Structures are given as C-alpha cells and as structure tokens.
Amino acid sequence: MRRLFSRRVFLRGAGGAAVALPLLNDVFPSSAHAAADAGAAAPFPKRLFIFFTPNGTVPGEFFGPGNTTNLTLGQITAPLAPHIKDLLMLDGLDNKASIAASGDPHGVGIGCMLSGCKLLTGAQAQGMSSGGWSSGISVDQYVANVVGKSTKLGSLQLAGKLLVSSIFSRMSFSGPGQPLDPYADPQQAFDNIFASSPIDATSARRLALKKSILDEVSGQLDALATTLSRADQNKVQAHAAYIRDIESRLLINVSSSCQPPPRPTISASAPVGYDPYDPNNAGHEVINAASDVDLPKILQAQLDLIAGAFACDITRVASLIAAPSRSDVVMSWLANPYGSGQLSQAHHEMSHQGDAQGAPGLIAVDSWYATQLANFITKLKSIPEGTGTLFDNTVVVWCNELGIGNIHSHTRVPFLLAGSCGGYFKTGRYVQFPAGTPHNNLLASLALAMNVPLTNNSFGDPAFCTGPLSGLTA
Amino acid sequence: MAISAVTRLGSLYACNVATIGEDGCAQQFITIFGKRAFRRPLTSAEATRFFALYTTGRTGGQFTDGISVVIEMMLQSPYFIYRPESGVAAQAGATAAPVTPYEMATRLSYFIWGSMPDDALFAAADAGALATPAQVTAQVQRMMQDSRAHQVVATFHREWLELASALDAAKAPTMFPNWSPQLASNLYGESSTFVEQVFWGDGNLATLLEAPYTYANQAVAQYYGVTGPAGATYTKTMLDPTQRAGLLTQGTFLASHANPDQTSPVRRGKFVREQLLCQTIPPPPNGIVITPPPYDATTTTRNRFVAHETVALCKSCHTQMDPIGFAFEHYDSVGQWRTMDGPSAVDTSGTLTGTDVDGPVDGAIALMRKLSTSTQVANCVATQWFRFANGRTETDADKCTLVSIEQQFTSSHKDMRALPIAIATSDAFRYRTSNGGSP
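Just so you know, these numbers come straight off a predicted model, no measurement behind them.

Rules used in this analysis
Residues numbered from 1 in each chain as written. Chains lettered and ligands numbered in written order. Predicted model: local features only at pLDDT ≥ 70, side-chain atom pairs only at ≥ 80, totals over all residues. Helix = DSSP H or I, 4+ residues; strand = E, 2+ residues; numbered from the N terminus. Buried ≥ 20, exposed ≤ 12 C-beta atoms within 10 Å, placed from the backbone. Contact = placed C-beta atoms within 7 Å. Nonpolar A, V, L, I, M, F, W, Y, C, P; charged D, E, K, R; others polar. Domains from an automatic or database assignment. pLDDT = per-residue confidence, 0-100. Core = buried A, V, L, I, M, F, W, Y, C linked by C-beta atoms within 7 Å. Pairing = 2+ DSSP bridges. Axes fitted to C-alpha atoms, helices over the stretch in contact; angles between N-to-C directions. Parallel < 35°, antiparallel > 145°, perpendicular 65-115°, else oblique. Left-handed = near helix turned anticlockwise from the far one by under 90°.

### Quick notes on the overall build of chain B
When helices and strands are counted, chain B shows 23 helices and 8 strands. The dimensions of chain B, computed from C-alpha atoms along their principal axes, are 85 × 55 × 45 Å. Classification of the 439 residues of chain B by burial places 44% in the buried group. If you take every contact in chain B between residues at least 6 apart in sequence, the share linking residues at least 24 apart comes to 58%.

Shown next as structure tokens:
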C-alpha cells in the first residue's frame, strides 16, 4: 500500500470493524484538519454536498409509505437504511420559483433548484421554450463565497454525463445568468482538484506561468470592458472577476498531510453518435444506451473525488448532477422490472408512461441512485475527523427537478438530507411541512447550517421564501 | 487544447529557427497566430506584451514552452472567446457606422459557416474589399459553395423546424410498438435529407411545404407504406399525394408534435402559428392544469380537447392553435395515416384565422397549399433567417431592413437561397448602432 497512513487513522479505519474493513483500501489518511489538529477540540469545517438526480419520483416510495412522524423508507430510499439515523426526510416542499418561471419544466426545475429564483428570458437551447439561466446566485455558491474563501477551490461542480451547456444541465450559478460548468470527466476533475497538490518545484513554475497568463487575460478583459455597452460590460467584468478568483487561489498550498486519491482510470467519453456541442440536441440527451454503460464507474469516481476533496479540505462545497434534468439515461446494468433481461428503457421515457406503468422502472433507477448515495455516506463515515468522522460535519442534500415526472409537477418535490452538518440538523426524522411550503426555505436553512448568514432571513427570490424551515434543528 | 496545439506546432506554423532565430520565429508566430485567433491584426502594443509573455515561458524552459504560454493566453483571451466589435467611428451626426473590415469578415464567416474567416476573407478584409453590397454578395456566393455552408443551412432548418425534437419523442410502447429510437433517427435523417435536397435543389419554399415526395430509406419507406429503396441511404421517393405534402406531413414533425399516447392539435397548431407565421402565443396562465386530457378510445380528439373551446380561460389562446392542429388529425401520435379517430371517422376540418390566407381548411394538404401561397409565411421565413443570422429577435428599428429582405425574397420567387445574401448585404448586417439594432 503506497499511501501513508498514520497509526491513528489506520486504527480508526479498522475500528469500524466488519463494515469499514472492506473500504480500508479507500480510506483517506485523515482529513487535513484532523491531522493538523491532532485530536484537538478545534472546530472542523462544515461541508455541503448537493446530489441531484432527475425526472421526478414515485412519492410513496421516496418519502416512505404512511409516514406521519416516524421515518420509514420506501423502495427508493431503502438502500439508505444503514444510515436511517442520519436522514432527515423533507415532505411537502414546493419549488415555487419553478412554478412561477416559464420554460421547459425540467429546465426550470433544475435552474431554480439551488437558486430559488426565476429564470432569465432567453433561449439557451434553441427550439425549446427552455428559458434562460437563473436570475440569481445558487445556494452552494452563496455558501462557497463565505466558507470557500481560503480553500484551494471555492466549490466543486461535478456531473455524471457530459452535456451541451444549457439550462437542462446546469444547477450552480455564481450570479444572475452565470452558470458554472460541471466537470463530467473524472480525470479532468482529478487534475483540477489534486494535480498541483502539494506544490513542488515543477508545479510551482507551471503555476507561475499560469499566473502570468491570467494577468495578461484579466488585463485584456479590463481594457475590453471599457469599450462595451453596459450589459456587455457586466458580462466581461464577471468573467474578469472569475479569472482573478482563479488567480488568487493558484498558489494556495494544500496541507502536506493530504494524500490525494488515485487518479481515476475511467474517463468520460462523448456519447456515441452524439456531439454534445451540437446545438440541435436542444440541450438535453439523446437516448443512447451504449454510451451510458460507464455511468456507474463515473459516478463512483466523481463521488470518490468529492470525498477526497473534502478530506483534504480543498473545498467545502460540492455538487454532483448524477444525470441532467430530463435525462434519458438507460440503466442497462439493472434488471428489467417490466419483464425479463436487462432494463432497456430510458429514464425520461419511463417517467411519461403513466404513473402506474412507469413506477417499476422509476423505482429501479432511483433506488440505484440511492445506493450510490448510501455508499458515499459510508465513505464519509470512514474518514476520521477529531473524535468523529468527516460525515459528522457534512450535510448531503438529495434533490430532483420535479415532484412527479409524468405531469411535470414542481410540488412535493423529493428532498432528503443526510448528516447533521456539525450538529445543526436533528436527523433520523420525517418532517411534513404545511402544503405550499416553498423550497427556498430549505435553501435558507442550508445557508444557516453552514454558518452563512442570510439577508432579511430569506434566500433566493423573496417572493418564494418565508424564512428558514422550522423544526429541523437540533 | 494548448498542449495539443504545441505538439502540432509544425502544422500550425513553419519557421526556420536556424535562419531567423528563436526570437524571430516567436515574433512571427505571435503575428500570424494572433491574427487568426483574434480575427484581426494585433496592435503593436499587444505584440510587444505577447513577446514578453513568450520570454517568460522560454526562460528556464524551451522554445516550445514559450510558444505554449502564448497559445494558452490567446485561447483564453476575450478577443478569441468573444466577438467584440468597435466599428469605425461614426461620422458627425450619423447614428450608425460600418463595422470594420475584419469585423465584417467575422460576421460573414460566423453567419455562413459558423466558423472563423478563411484566408480569402482575411485577404478581402486586408484589402478593404468587403465594403459594398456587390463585394459582400460575391463573398457570400463563394462561401455558399463550401461544405461548411451546408452544415449551417442544415443547422438553421433543424432549429427553425425543430427537427431534432423527433429524436427523443417518447411514445406509449403498448399503443405504438413500432416506434423506436431507431425509427426516430431514420425519420430525422429523412427530414434532414429532404430539407438539404430542397434547399440546394430548387430552393423553393413551396417545394419545402408541398412536395409530394420525400427522401426515404428502407425503414422510412416501410413507415409510409410505399415502395422505396432497400438499405439505409435516403433516396427520392414518391409518397401518396392524397396523404402527404411537404415537411409538415412527414413523421419527424408529426411525431414530435404529438403526445405519447395521442395526437396534439395544440402542439401542431402552435408550431404553425409560431414557426411558420411568426406569431406569438402567450404561455398558459399560472395555476391551471396543462396536462392534456387522458387518452380515451371511446371518443375523438376534438371531444377530449373540447374544454379549449368552451372554457373562456382556455379559449382565447387555443382558438389560435387547435383549429389549425385539427387539420393534421389524419396522422396519429407517431405520424402514421389513419382514417378512424376512436369510434368515428377522422375529421380534419380546421380554420385559419388572423392570417392573410384566412378561411376553412380541410386536411393538412389543403392547409399546406394555403400556407405556401401566404405572404405572411414567406415573410416569416425571412424573419427566421434574420434572427438566425443576427443572433437576436427583430425590433421595431429593424422594420426597414426586414421589408427590404422580404422584397428580395419575393422577387426571387421565394428561392430560400436568396435570403442569406439579402441578409448579409442588409444595413443591419453591415453597420452597427449604439443600441445594437438596424441603422
């Protein structure tokens, strides 16, 4: 085993006994802070992770049948049973911004998911009435602007599928009309997260050159901005600010106690016969089962990278779009719930076969996603931090652009939290909210959980926020 | 990208280091590659700064390290990523000024090719030979010969006619077991080939809207139930002229503008209103259920959608869509010809209102014949090209420009190939104003 394990970390990994043992190979030595603080009572950074899966749900099987107060899991959420004490099931939240926004219901669902704001006008994906980008900052970026100031990456956006840039596949916005592109390729993501950590002589020279390049580019952006109309000026200035942000983080060194995970061996390849940059794909996937077979490995790699980035404190905010909104992933590795053989139908397609006919397929797909999430939680629990684990200081949010896919509803959208975020949330519960509670309230709660103050006790479009959710905190 | 450019440096740029030295080669590279990347000659201040950047990269490394830094910078430069335009200074009292020759070369190349200018366009810009309508016409005619123009024309039609939406049209498998992604892909290929052949063939709008033939392969011929070619290649194939006429009677349009289990007079009518007549239908009011009525085999489409005629809230907009869409009722959810609609014979009587060809229509073929004589439809095609070329919707300030483009289209007997030339030579394309509209 090449990686360096301190004895303490090794024991902690083995201490998990039978459960943790098979994972030992993947255990990160410890979080950077755990090593630096060596068990001191210093507070550990809190982490926020957003896990997005598409096409709505089968509510009874997500929220659990017959719930009122006690948390029971449905077929979809059953794979999370080992973590049931850490879950907080949120039933009855409406994506009000999406209901008010115009455009394709999938696109507005994901576009308003983290921003809680309506979309700008525009046609991101031609032909489709998909609306423009979000009109406000997303909560992950709002949080990252505060908690990510001193980390090498302010935030980390990853995806399971490569897609043309459109509102169907973008969830994070650094400001109005400023979508952040996720890395869909685990190797590319790895290189951007870990490549220069820790900084040695070779990477120092490379970083110095990068800095010279960015100096020149930001100079050009400033000069160009002075010649433009107001609207264009805003665009170019936002671009310049982004470049300066990258520049300022270039030389942040990561704790030398951090051992990055191995570089992923899986690389996202462009789906066969589908040019992701062809605007005629209307911004969403074309059904292509052959290109989907790598998805399990890609998601596994992306989740490992996020765990690694958290453990090394390279970032404290991450999101993963497992598949874009309106996804037509064909999960051919699953058994066909409609008959014999393997599942051959695409996700979005199944969501429109009627609630009853579509349900077996949707349950199969969503419970598979739940399994990936459960494994990720197990992984976070295997990374020691102080007297506990990294998971203790994390909150995971599982979200979806729709409530029920068949009718494109934005009401009773499935939200599930996992992890207390450093004791902020009181987990192991099912909470039912009054009908019509806006999901912006959840976004507000997430900011507070991460110790980021709100303005006017509200997040997103204030028309769709009545303050943080009540009854969630410990 | 920069790394792969450096490993292919020889193909980007040949320079003899032995003769003119590394610094000389670097300076040459900056001038030549910089002009291509920025689509204009570099200023001398830029060239000086970029050479300094090269030197930074070269120090402690190799020649290619220095070049690599320059390429990396240029590919991140806003002058490469964006298309900034300054125009030439407007004359006193003028509200508009021509774009610079290099900006004009860039406008033309991105409009006709969707890519950067070639050597001939750069040469024309160097010589100031993109100034008059005749010079621009000559360039557009030259550029239209190139395969890149075919790609852009295909892109325009896919966007305007929403062809790609057929590729992921979901259909109820129990009702339409023959529908598959493969069939959708074949139908998409059919319509794409049809559009390509019509545009570059006779170019006539009427052919696009009324042709009694299509370009079928074996799967497509089977779909239409006609004798056609064997194999995968799309070949001109006659269709039953009592059943099919032009693009809107092809499977691509019909299947993508339908619900999974039933037709959609709404979506078919809306397409005609918005894409062919350039009229806008407002979105449904907030808070109402917009789920289509469930399919019911015991009754007809018209009966299922009757709320659109009887409920006042629905009626105001749906009278603009459904009566056009009903003309397509001979085609089911996947675009196949049918004679029965549930228990009754298909009723294709429809109505056109708010157009220059108003009146009753019976069936899609009659509808297409009417639309193909409509001046409003012809003007809409011109408008669609205008939007595509300028990357924006038209404003009131564009009225004069549009009228001129429409006139040129009409006097070409609606040859669609006249439109790119009319647009490229228009004032809106050759000049810029402070507000971004037509001068």
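Resuming the write-up.
### Brief notes about the environment of B:Leu208
In this structure, B:Leu208 sits in helix 12 (residues 205-210). In this structure, B:Leu208 is in contact with B:Val198, B:Gly246 and B:Leu247, ignoring residues within four places of it in sequence.

### Some words on the interface of chain A and chain B
Contacts between chain A and chain B engage 28 residues on the former and 29 residues on the latter. Here the side of chain A that touches chain B is composed, by residue class, of 12 nonpolar, 12 polar and 4 charged.

### A closer look at the domain arrangement of chain A
Domain annotation for chain A reports domain 1 (7-191 + 265-464) and domain 2 (199-252). Among the residues making up the side of domain 1 of chain A that touches domain 2 of chain A, the classes are represented as no nonpolar, 3 polar and 1 charged.

### Remarks on unusual backbone geometry
Glycine aside, the phi torsion of most residues is negative, and most peptide linkages are trans. At A:Asn456, a residue that is not glycine, the phi angle is positive and equals roughly 55°. Along the chain, the position of A:Asn456 falls in the segment after helix 15 (440-449). Overall, the presence of 8 C-beta atoms within 10 Å leaves A:Asn456 in the exposed class. The backbone of B:Arg39 shows a phi angle near 60°, a positive value even though the residue is not glycine. Secondary-structure assignment places B:Arg39 in the loop between helix 3 (17-38) and helix 4 (44-58).

### What about the environment of B:Glu103?
Residue and element names in this part refer to chain B. Relative to the helices and strands, Glu-103 is located in helix 7 (residues 101-112). Residue classification places Glu-103 among the buried positions, given that 22 C-beta atoms sit within 10 Å. Along the chain, Glu-103 and Gly-87 lie 16 residues apart, while their C-alpha atoms are 7.6 Å from each other.

### Quick notes on the confidence of the model for chain A
Here chain A averages 85 in pLDDT, while 84% of its residues score no lower than 70. Per-residue pLDDT stays below 50 along residues 34-42 of chain A; that stretch engages in 10 contacts with residues further than four places along the chain or on separate chains.

### Remarks on the nonpolar core
Proteins that are soluble and globular tend to have nonpolar side chains buried together. The biggest cluster of nonpolar side chains holds 213 residues, and the ones touching the most others in it are A:Phe51, A:Phe52, A:Ile306, A:Leu320, A:Val396, A:Val397 and A:Leu446. For this core, the element with the most residues is helix 14 (residues 355-381) of chain A, which contributes 12 residues. Excluding residues that lie within four positions of it along the chain, A:Val396 makes contacts with A:Phe49, A:Phe51, A:Leu373, A:Ile377, A:Leu417, A:Ala418 and A:Gly419. Counting residues in each nonpolar core, the second largest holds 24 residues, with A:Val217, A:Leu224, B:Ile30 and B:Tyr54 among its members.

### Some points on the sheet that holds strand 1 (residues 47-52) of chain A
All names here are of chain A. With mixed pairing, 7 strands are arranged side by side in an open sheet as 3-6-1-9-10-2-11. Sheet topology places strand 3 (156-159) and strand 11 (429-438) at the edges, where each strand pairs with a single neighbour. The mean inter-strand angle of the sheet, taken between neighbouring strand axes irrespective of direction, is 15°. By the bridge criterion, 4 bridges tie strand 2 (residues 87-94) to strand 10 (residues 415-418) in an arrangement that is antiparallel. Residue pairing in the sheet places Met-89 in a bridge with Leu-416 of strand 10. With respect to the sheet, helix 14 is in contact with strand 1, strand 9 (394-399) and strand 10, its orientation differing from that of strand 9 by roughly 175°.

### A few points about the pairing of strand 2 of chain A
Looking along a regular strand, one sees the side chains alternate between the two faces of the sheet. All names here are of chain A. Of all 8 residues making up strand 2, 7 are buried, and the element is well covered by its neighbours. Pairing of strand 2 with strand 11, which is carried by 6 bridges, proceeds in the parallel orientation. The partner of Asp-94 across the bridge, within strand 11, is Pro-438.

### Here we look at the packing of helix 9 (residues 201-225) of chain A against helix 5 (residues 63-76) of chain B
Relative orientation of the contacting elements helix 9 of chain A and helix 5 of chain B amounts to 40°, with a least axis distance of 9 Å. In terms of axis orientation, helix 9 of chain A runs oblique to helix 5 of chain B. The two elements helix 9 of chain A and helix 5 of chain B cross, and the hand of that crossing is right-handed. Facing A:Leu209, A:Ile213, A:Glu216 and A:Val217 of helix 9 of chain A, the residues of helix 5 of chain B in contact are B:Val69, B:Glu72, B:Met73 and B:Gln76.

### With respect to the confidence of the model for chain B
Here chain B averages 92 in pLDDT, and 95% of its residues register 70 or above. Scored by ipTM, the complex comes to 0.81, with pTM at 0.74.

### Some words on the environment of B:Tyr188
Residues and elements named next belong to chain B. Along the chain, the position of Tyr-188 falls in helix 11 (residues 181-200). By the C-beta count within 10 Å, which is 24 here, Tyr-188 ends up buried. For the pair Tyr-188 and Gln-250, spaced 62 residues apart in sequence, the C-alpha separation works out to 9.5 Å.

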